[in-house]
Structure formats: structure tokens, C-alpha cells
Protein chains: 2
Amino acid sequence: MSTSRTIPAKTGNARTKLLDAAIALVRRQGFSATSVDQLCQMAGVTKGAFFHHFANKDALGAAAADHWTDTSSSLFMEADYNRHADPLDRYLAYLDFRDEIATGEVAEFTCYAGTSLQECYGSSDAIRDAAYQSIAGHSARLAEDLDQAIAQYGAPEGVTGLSLGLYTQAALQGAFILAKGQGNAAPVHDAIAHLRRYILMLFNREGKI
Amino acid sequence: MSTSRTIPAKTGNARTKLLDAAIALVRRQGFSATSVDQLCQMAGVTKGAFFHHFANKDALGAAAADHWTDTSSSLFMEADYNRHADPLDRYLAYLDFRDEIATGEVAEFTCYAGTSLQECYGSSDAIRDAAYQSIAGHSARLAEDLDQAIAQYGAPEGVTGLSLGLYTQAALQGAFILAKGQGNAAPVHDAIAHLRRYILMLFNREGKI
DNA sequence: TACAACATACCAACTAGTCGGTATGTTGTA
DNA sequence: TACAACATACCGACTAGTTGGTATGTTGTA
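Remember, it's a predicted structure, so these values are computed and weren't measured experimentally.

## Section: the interface of chain B and chain A
Right, so step 1: Taken together, the 44 residues of chain B in the interface contact 44 residues of chain A.
Right, so step 2: Note on chain B versus chain A: buried area summed over both sides is about 3,900 Å², and carbon and sulfur give 65% of it.
Right, so step 3: For chain B, the biggest contributors to the area lost against chain A are Gln118(B), Tyr121(B) and His194(B); these three give 18% of the whole.
Right, so step 4: The tally of links between chain B and chain A comes to zero salt bridges.
Right, so step 5: Counting the contacts that link chain B with chain A gives 12 residue pairs in polar contact (both at pLDDT 80 or more).

What follows is the structure in C-alpha cells.
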């Protein structure tokens, strides 16, 4: 889905190294504050390679968002929480999983898509669209489970799977911002606890609170 | 509170015009993508004036966060929703108010503090601290009402006013990111609806859903 | 031998920040 | 009350360095 735009072969090694460098550096410093030279240095590649693979810096930023979609979606697809038979259990286990992976340095668990969307939405359409696609696609994946849960257990008027999926992402993205302010993952764990409590009450399901 | 750091007189007119320009431009383009020249142009001021009032660009960014705290806190302090006698009604009316003011261009209702905190947390300690102070302070204000509501109506183990106040900000900040992706305020309205539903269930209060 | 995948050398534009200068207060004191 | 001494607010040309981007190689391999 996210790779549909990047028709070119993606053969080279330099390309991938540049995309990984972009994700690491942009999460730490933001997009504008990260220079092409810096990206090349971290990737161990020269400027010629950079502009061989990407038309300009914005194109790298957008391609990195697609790269982020690919790597993170495979992370979530292969995770254990998908094994649960019950859709609501699956969602709750997804929250557990997100809780677990929010450790270490702040820049290591925050979201490339959210960061670059926040910063670049006004200056680069390509980055904005690719970054939003990343978040919206992930929400849509969550929405499948949530729609099944709604069909099975019912939900108040107006509550849809997609709406809950997007809200989940919103709460997480916002918690990442707070985590950047505090310098640790505490706000993420807190937000997930509130999110879980909301869902449990919404579906009248008792569980650890 | 937020002005405690800025002991200097703040007399000049150029200073305020630069702070207003910073808030407008950074919300649209981000901090790094906004140049000093651009700020001066929008403020109708020269570079000499800029560096007379601010030691460097980062100092302007941090001062703008304080300025944002001042203007937004007076906006919320003077708003009607504070008139409610019941603390929970006050919080719910706060949500209504936030719902109302989320209109027009995305850059006009999103948060300077959240934007610059997200972007600058790794490159400027001064901006990070001032921006986080802005959000944390606002959360603390909310927490007062929420603590009163908890004292009055009770709440599950581990739910505190501050925790709910921070979670409220997280959901809003995250919704702003989604709004930037979609280009409209719909995600903000959605997030507020979920937030309201959560609070109503948490305090066993029926209300419009 | 043709072409993709890189490397090297370079540039024009822009960047934050400096510096000498002016105009308009304010304040202490004779 | 007059005037020297100083402070504040602001101007705009200048600079050293950085930026994204280009033009022109080289090299491995199909």
C-alpha cells in the first residue's frame, strides 16, 4: 500500500542506509534541522549517492515515511498480540505491546511519521501526505479489530472502529510529545492506561485497570 | 509563572511583534524552517531589533513559548466555561470550548507549544523547557477541577486529576497532528467526543454523547 | 559497451549572527 | 532648570559559514 508510489527498483544499498539515517536523525532533531551532509555522513555515503536516489531532500523525507510504514507495519504484523481469537483481546494486547516497546531513549520509541507530519505539513505536501498515510493506514489496521469488537459486543451510537483507531493514534502521538517534554516514557504509559480504561468501559468488559 | 524567567522590562513594541510573528510562522512552517529574516519581515522590524531583544534565534523561540503561555492562559481564564459551579461541569464545558475554537485554518487552532516541543526537544533545551512548561501548566490548571471532581464523585484507583489533565492535553495534541494530515479540524472534534465519553463513564455521569 | 550505482569537486543562495552607528529617552547633580 | 552622562530601542550593511543542489567523473557488471 505504502510502496505503491515508489515504483523504482530500490535496488541500492545506499538508499536504504539513507532512509534509516533519516528516520534516526529526524526523530532526534527534526527534518529541517537535519542536513543532507549529516544524513550522508551517518549513512556512510556521499552526496552523489544521495541525489542519485532522491530528487531532493523532500523526496527523501517522503520516502522515509514510506520506509517507516513498511518497517513498523511488519513489526506490528509479526507481533504476538495478533494471535488472540477475540478482536477486543487483540486490541487490548496491542495496547500492551505498545506499552512494552515504549522504553529507552525518547527518540527511539517516538514516531517518525508524527514528528515529520507535525513539522512539515506546511512546507512539503509530499512529506505530509506520506506521513499521514502512515498513521492513517495503521489506524485502519486497528479499525478492523475494533469494528469486529463493535459487531460482537455493541457500542454507543456514533462509535466506529475507524474513529476509535484514529483516537488511539491521537492519544499515542500526543503522549509522545509529552514524553519529549519530560524526557521519559511515563506519559505514554499513562495515556495507554487511560485508553485501556476507556475501551474496557465502552465495551462493558471488566479487566485489570 | 511563565514570566518569572523573563525579568527584563519587555518594554519595546518590536519585541511583541516578533513574538507574535514567531507564533504565526512556527505554527505554519515549524521553527527551523522559519528564518530570522522572515520573522523580521513579518514583524516589520529589522535584524538589529531582533538581536537587540533576543540573544539568538533559540531565545526567541523560548520567549515565544512564554508569550504563548500568557496569551492562551488568559484566553482560557476569561472564558465562560469557568462559571460553572460544579467542577465536572467546568471540565466538560472546557471541552465544549476547545471544540468551538477548533475552526478555520489548521495553523490557527493548533498549538505553538506542541509544535515546537515536538520539533526542538533535541536541539534546544530552552525551547523544549519553555514549551513543556506551557503544556504542563495548562494541564495543572485543568487538574484542579478534575481533582475536585474526583473528591466529589470518586474515581477508580490510580486516576488523579493531573493524570487526566495531561491525558486530555495528549489527546488534543495528537488530534492536532491528525488535523494537519487531513487538513481540517475533524480529528479534533472526534477526539473531544471520545474524551467526553470517557469522562462521563468514569464519573458515572449521563450526558449528551 | 551501455548503464546503474556510486564518488568528487564545486557553486550560488541563504543562514544566523555582528558591528558601527543614530535617535530618543532617563537620571543625577550643580 | 539646564546639562552631562548614560541607557534603551532600533537600524541596515556586512561576514563567515552552511545549505541544498549540480556537473562531471569513475567503476563494477549484465
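## Details of the packing of aromatic side chains
Right, so step 1: The final tally for this structure, using the stated rule, is 19 aromatic pairs over all chains.
Right, so step 2: Ring geometry for Phe50(A) versus Phe51(A): centroids 4.9 Å apart, planes at 55°, classification tilted.
Right, so step 3: With relative accessibility at 41%, the residue Phe51(A) sits in the partly exposed group.
Right, so step 4: Here Phe109(B) and Phe176(B) contribute two aromatic rings whose centre-to-centre distance is 6.1 Å and whose plane-to-plane angle is 50°, an arrangement assigned as tilted.

## Section: empty space enclosed by the protein
All names here are of chain B.
Right, so step 1: Inspection of every chain in the model, using the stated rule, returns one cavity of 30 Å³ or more.
Right, so step 2: Of the voids in this model, the largest cavity is the one considered here, and its volume is about 40 Å³.
Right, so step 3: The element contributing the most residues to the lining of the largest cavity is helix α8 (residues 125–153), with four residues.
Right, so step 4: Grouping the amino acids of the lining of the largest cavity by side-chain chemistry returns three nonpolar, one polar and two charged.

## A closer look at the relation of the copies chain B and chain A
Right, so step 1: You can overlay chain B on chain A at an RMSD of 0.0 Å; the transform is a turn of 180° with a shift of 0.0 Å along its axis. Within this description, the copies of the chain are treated as partners about a two-fold rotation axis.
Right, so step 2: A share of 100% of the interface residues of chain B reappears at the interface of chain A, consistent with the copies meeting face to face through the same patch.

## Topic: unusual backbone geometry
Residues and elements named next belong to chain A.
Right, so step 1: One non-glycine residue, Asn204, lies in positive phi territory at about 50°.
Right, so step 2: Within the secondary structure, Asn204 is located in the segment after α10 (186–202).
Right, so step 3: On the basis of relative accessibility, which here comes to 69%, the residue Asn204 falls in the exposed class.

## A closer look at the environment of Asp89(B)
Residues and elements named next belong to chain B.
Right, so step 1: Within the secondary structure layout, Asp89 lies in helix α5 (residues 87–101).
Right, so step 2: A C-alpha to C-alpha distance of 9.0 Å links Asp89 and Ala149, two positions 60 residues apart in sequence.
Right, so step 3: Filtering out sequence-adjacent residues up to four positions away, Asp89 remains in contact with His84 and Arg205.

## Quick word on the pattern of salt bridges
Residue and element names in this part refer to chain A.
Right, so step 1: What the rule picks out here adds up to 20 salt bridges over all chains.
Right, so step 2: The salt bridge involving Asp125 is made with Arg128; its shortest N-O contact spans 2.8 Å. Taken together, the positions of Asp125 and Arg128, both in helix α8 (residues 125–153) and three residues apart, correspond to about one turn of that helix.
Right, so step 3: Of the charged contacts in the structure, one is a salt bridge between Arg141 and Glu144, with a shortest N-O distance of 3.3 Å. One end of the pair, Arg141, and the other, Glu144, are both in helix α8, three residues apart, so they sit about a helical turn from each other.
Right, so step 4: With relative accessibility at 31%, the residue Arg141 sits in the partly exposed group.
Right, so step 5: Residue classification places Glu144 among the partly exposed residues on the basis of a relative accessible area of 43%.
Right, so step 6: Through salt bridges with shared partners, a single ionic network connects Arg90, Arg141, Glu144 and Asp145.

Here is what the cut-offs are and how they apply
Residues numbered from 1 in each chain as written. Chains lettered and ligands numbered in written order. Predicted model: local features only at pLDDT ≥ 70, side-chain atom pairs only at ≥ 80, totals over all residues. Heavy atoms only, no water. Contact = heavy atoms within 4.5 Å. Buried area = accessible area lost by both parts, 1.4 Å probe. Salt bridge = Lys/Arg side-chain N within 4 Å of Asp/Glu carboxyl O. Polar contact = N/O pair within 3.5 Å; in protein donor to acceptor, adjacent residues only side chain to side chain. Phe/Tyr/Trp six-rings, centres within 6.5 Å; stacked < 30°, edge-to-face > 60°. Buried < 20%, exposed > 50% of the residue type's maximum accessible area, 1.4 Å probe, protein only. 1 Å grid on protein atoms, 1.4 Å probe; cavity = no way out; pocket = protein on both sides within 12 Å on 5 of 7 lines; lining within 4 Å. Points joined across faces, edges and corners; volume = space filled by probe spheres on them. Helix = DSSP H or I, 4+ residues; strand = E, 2+ residues; numbered from the N terminus. Nonpolar A, V, L, I, M, F, W, Y, C, P; charged D, E, K, R; others polar. Least-squares fit on C-alpha atoms with pLDDT ≥ 70 in both.

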